[in-house]
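# Overview (structure and organization)
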Amino acid sequence: MLKFNTSHVEAVDYIIVGGGTAGCVVAERLSASGRDRVLLLEAGGSDQRFWVRVPIGYGRTFNDPAVNWMYEAEPEASLGGVRSYWPRGKVLGGSGSINAMVYARGQPRDYDDWRELGNSGWGWSDVLPHFQAIESRGDGVGDGERTSGGAVANSARPALRITDVSAQAHPLVRAYIEACGALGYPFTPDFNGAQPEGVGIYQITTRNGLRDSTATAWLRPALRRRNLQLLLDSQVLRIECAARRATGVRYTRGGQMVSVRANKAVVLCAGSVNSPQLLQLSGIGPASLLQGLGIPVIHELSAVGRNLQDHLGISYFYRSRVPTLNNRLYPWWGKAAAGLQYALTRRGPLSMSVNQGGGFIRSDPSLRAPDLQLYFNPASYTSSRTRTRRLMNPDPFPGFLLSFNSCRPTSRGHIAVRSADPQQQPAIFPNYLSTEQDLQDVYKGARLMRALAATEPLAALIDHEMQPGAAKTSEAELLQDFRERAGTVFHPVSTCMMGPAPDHAVVDARLRVHGIAGLRVIDASIFPTVTSGNTNGPTVMVADKGASMLLADSE
Ligand SMILES: Cc1cc2nc3c(=O)[nH]c(=O)nc-3n(C[C@H](O)[C@H](O)[C@H](O)COP(=O)(O)OP(=O)(O)OC[C@H]3O[C@@H](n4cnc5c(N)ncnc54)[C@H](O)[C@@H]3O)c2cc1C
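## A closer look at the pattern of salt bridges
In total, this model carries 28 salt bridges according to the counting rule given. Across the salt bridge formed by Asp544 and Arg29, the nearest N and O atoms sit 2.9 Å from each other. Taken together, the residues Asp544 in helix 15 (residues 536-553) and Arg29 in helix 1 (residues 21-31) connect sequence positions 515 residues apart. In this pair, the class of Asp544 matches that of Arg29, namely buried. Between Arg485 and Asp481 there is a salt bridge whose closest N-O contact spans 2.8 Å. Placement of both Arg485 and Asp481 in helix 14 (residues 475-485) is noted, with a separation of four residues, approximately one turn of the helix. In this structure, Arg485 and Asp481 share a single accessibility class: buried. Look at the salt bridges and you will find they share partners, linking Arg109, Asp110, Asp113, Glu116, Arg368 and Arg408 into a network.

Spelled out as structure tokens, the structure:
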């Protein structure tokens, strides 16, 4: 098929930087008319890899440099001075090609907060139609809140397949749900429906037992279009600007430096680490930082890289009296049986996420929204701070994990380039646990873990608590344990925050970079605040809505 070829082309209409969760959606939407020429530049390679497509492969891609930027945060005083490991997808589909596949819209309150922060058009009632449009359900289950646009049989629009795996969940998940019920936390059959609060079983983004991503659902079918060009292994080094307008980008591919112009817009979809990095490298950011590194300041925008938010979680580790998934997946014959089951049916543990049970709960009923997110994993493996995810090699005894993180952390970190060299990893300062509220959430979560483990029917299944261990009971001991073992849940956002004031935010409510024409950021970095749950679904929503705005504005 004839496509335009950028080695001969100097200009296109839209350049999209980053073919991750957001970038693949934006590329599909902008190229749909067939009129505009769209170039998608992705630093990583193809997502057509066995361990990307098979859900259990999460354990492999987690630390595979072939598909992962494998970042490390700066030593974090609040976590005992360690450098947290920050995996990020460097592959088509981005982090959506290596994530744990849990699908969660978040809580309506999250988006009403976005609107109340001055972002008109981003309240729950505004974003709900976009969620409905991006979701497709294979099982036909749903309620009034979930009439999926994407699932409509003759709809031409792509959508992410959201799979309900409750029929396959490990029996122990039921014990977890019943124990939650006994503590007063209600069951919800659908976190992404009319009752997003409560405890239940996470839905995951798989299609026929394979990972579904925006690369598979949006981009791949769109690549048939003659006006859409994808270049893999193409890393953008800077955004070119003239007279406060983005005019194009400079990228490297196969050792060559190439410049391309954008007639309409450059759209930054490089994610929460690389979008602020690229703006800073291009002279758009905090003037003092840029001047100190000899980067000419094109436009001072102090919020670039600021407002970093992330979910910080910990697992409580229990030895079980009854068999868990460890008993199936530890012995070689168990692995072989699971592999065979997957090969024949695309079902079983290899088709699932590590996180089966979960919840969004209020630790105090007087709160206006859930403050803790829970996970129940019917297997156990090494601690969350390490670079390994031994999914296929769990502990040789029955064990399971109960985990929590604060839904709405108030600590704020930042990201800053270290030099003008685009190949150097930017410095990541998460600044976890720097507010009293975040410390209080640690105590609340720890108390809840202990309460759940002491509640039937879960209590009867527990032999003993392996970590933190029953000897640790005081708040000081539990906080110290949290500092030693907690790790990122991989949801960094807000480093190019959306907001009305250029001195506090990077983009406006139409995702235009304040003060620079022809430049938008459309990815997880624009979230004004982190959503209460996992961030992939909300990023797809942002991409769908952001693309609609861009198309409307350029008409
Ligand atoms: C290990 C892990 C587990 C997770 N688990 C879950 C989960 O279970 N559920 C959930 O909802 N969320 C999860 N997340 C988070 C979720 O995947 C992200 O929030 C989401 O993918 C962010 O999308 P994005 O488009 O902002 O960035 P990304 O998807 O990361 O896309 C950015 C893309 O830009 C490319 N890029 C970067 N710099 C350049 C450059 N200079 N030039 C060209 N291309 C560039 C990158 O290679 C990448 O492909 C997880 C994330 C990780 C890493």
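## Here's the deal with helix 1
With respect to burial, helix 1 is a largely interior element, 11 of its 11 residues being buried. Among the residues of helix 1, those classed as buried are Thr21, Ala22, Gly23, Cys24, Val25, Val26, Ala27, Glu28, Arg29, Leu30 and Ser31.

## Notes on the site of the ligand
Around the ligand, a shell composed of 40 residues is seen, among which Glu42, Ser95, Val102, Thr535 and Asn536 lie nearest. The side chain of Thr21 places a nitrogen or oxygen atom 2.8 Å from an oxygen atom of the ligand. Within the backbone of Val236, one N or O atom sits 2.9 Å away from a nitrogen atom of the ligand. The fraction of the free accessible surface of the ligand (1,000 Å²) that becomes covered by protein chains is 99%. The set of elements that each furnish at least two residues to the shell around the ligand consists of helix 1, strand 13 (234-242), helix 8 (271-281) and helix 15.

## Overview of the packing of helix 1 against helix 15
For any two helices packed against each other, the geometry is given by the interaxial angle and the distance between the axes. At their nearest, the axes of helix 1 and helix 15 sit 8 Å apart, and the two run at 30° to each other. Taken together, the axes of helix 1 and helix 15 lie roughly parallel to each other. The element helix 1 and its partner helix 15 pack so that their crossing is right-handed. Here Thr21, Ala22, Val25, Val26, Arg29 and Leu30 of helix 1 lie close against helix 15, whose contacting residues are Asn536, Thr539, Val540, Ala543, Asp544, Ala547, Ser548, Leu550 and Leu551.

## Looking at the confidence of the model for the protein
With 93% of its residues at a pLDDT of at least 70, the protein reaches an overall mean of 93. Ignoring residues within four places in sequence, the model shows residues 140-154, a span with pLDDT below 50, making 36 contacts including any to other chains.

## A closer look at the nonpolar core
Of all hydrophobic cores here, the largest spans 79 residues; its most connected members are Ile16, Trp122, Leu279, Leu519, Met541 and Val542. The contact partners of Met541, leaving out residues within four places of it in the chain, are Tyr111, Trp114, Trp122, Val127, His130, Phe131 and Ile134. Listed in part, the 51 residues of the second largest apolar core include Cys180, Tyr318, Met352 and Leu374.

Basis of the calculations
Residues numbered from 1 in each chain as written. Predicted model: local features only at pLDDT ≥ 70, side-chain atom pairs only at ≥ 80, totals over all residues. Heavy atoms only, no water. Salt bridge = Lys/Arg side-chain N within 4 Å of Asp/Glu carboxyl O. Helix = DSSP H or I, 4+ residues; strand = E, 2+ residues; numbered from the N terminus. Buried < 20%, exposed > 50% of the residue type's maximum accessible area, 1.4 Å probe, protein only. Near = heavy atom within 4 Å. Polar contact = N/O pair within 3.5 Å; in protein donor to acceptor, adjacent residues only side chain to side chain. Areas by Shrake-Rupley, 256 points an atom, 1.4 Å probe, with all protein chains shown as cover. Axes fitted to C-alpha atoms, helices over the stretch in contact; angles between N-to-C directions. Parallel < 35°, antiparallel > 145°, perpendicular 65-115°, else oblique. Left-handed = near helix turned anticlockwise from the far one by under 90°. Contact = heavy atoms within 4.5 Å. pLDDT = per-residue confidence, 0-100. Core = buried A, V, L, I, M, F, W, Y, C linked by side-chain atoms within 4.5 Å.

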